[in-house]
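Analysis of the macromolecular model
Okay, here's what each chain looks like letter by letter:
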Amino acid sequence: MDLHFIWKSFVIVFGGILILRLAGRKSISQLTVAQTVLMVAVGSLIIQPVGDRSIWITMLITLLLVLFLIVVEYIVLKSDKLETFFYGKSIIVVENGTIIDKNLAKIRLTVDMLEVRLRQQGVQNISDLQWATIESNGQIGYLLKPEKQYATKEDIQKLLALFQANEQNITNSTNNLFTEVKNKIHKDEPPTHLK
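Here is a short report on the structure shown in this document. Note that this is a predicted model, so its numbers are computed, not measured. (Residues numbered from 1 in each chain as written. Predicted model: local features only at pLDDT ≥ 70, side-chain atom pairs only at ≥ 80, totals over all residues. Heavy atoms only, no water.)

**Thoughts on the nonpolar core**
One recurring pattern in soluble globular proteins is that nonpolar side chains are buried together. Ranked by size, the top nonpolar core spans 13 residues in total, and within it V93, V94, L114, L118, L129 and I134 carry the most contacts. Listing elements by their share of this core, those giving two or more residues are β1 (91-95), α6 (111-120), β3 (129-134) and β4 (140-144). At 3 residues, β3 tops the list of elements feeding residues into this core. Not counting residues up to four positions away in its chain, the partners in contact with L118 are V123, I126, L129 and I140. (Core = buried A, V, L, I, M, F, W, Y, C linked by side-chain atoms within 4.5 Å. Buried < 20%, exposed > 50% of the residue type's maximum accessible area, 1.4 Å probe, protein only. Helix = DSSP H or I, 4+ residues; strand = E, 2+ residues; numbered from the N terminus. Contact = heavy atoms within 4.5 Å.)

**A closer look at the sheet that holds strand β2 (residues 98-99)**
With antiparallel pairing, 4 strands are arranged side by side in an open sheet as β2-β1-β3-β4. One side of each edge strand has no neighbouring strand; the edge strands of this open sheet are β2 and β4. Direction of pairing for β3 relative to β4: antiparallel, over a ladder of 5 bridges. Pairing of T133 across the sheet is with G141, part of β4. (Pairing = 2+ DSSP bridges.)

In structure tokens:
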């Protein structure tokens, strides 16, 4: 029995891990189009040696693909035009609570699929959105209208400071007949003939 597939399997797994680590870490949802194409190509290539193709040539081709991807990513860092060409740009799909149908059509996304993505992000009403975008990696980004945004810790602290200042003003302005008796001072001096 020919057991050459055992060492080939080891080389494929170990070499594949090393080469793909060189490509970088990202989850599937964060992969760019170029990275997705590379991963599919590597998956197809890496299985070829099991079918009697030279394992070393396959590893070399895979390494060259990854190096090409790294070069493309470096070039993209230096040029906005190439970044747009390879990765695309974010597209606004909701503005001021209104869906932009023509932009949904450009990216071939239905309103139902947009709603699915928004629900997954915890958005309850499209009318609550100031903006929503489909990012170049396919993820959705959004900004709620100011009146629908959640209060931050800073907002709550400002509100508490205003409340405390207001309470202090109310306490200071409540000089009434009872506080005059307690303090033994008139708030407004009575006319001299009534003292």
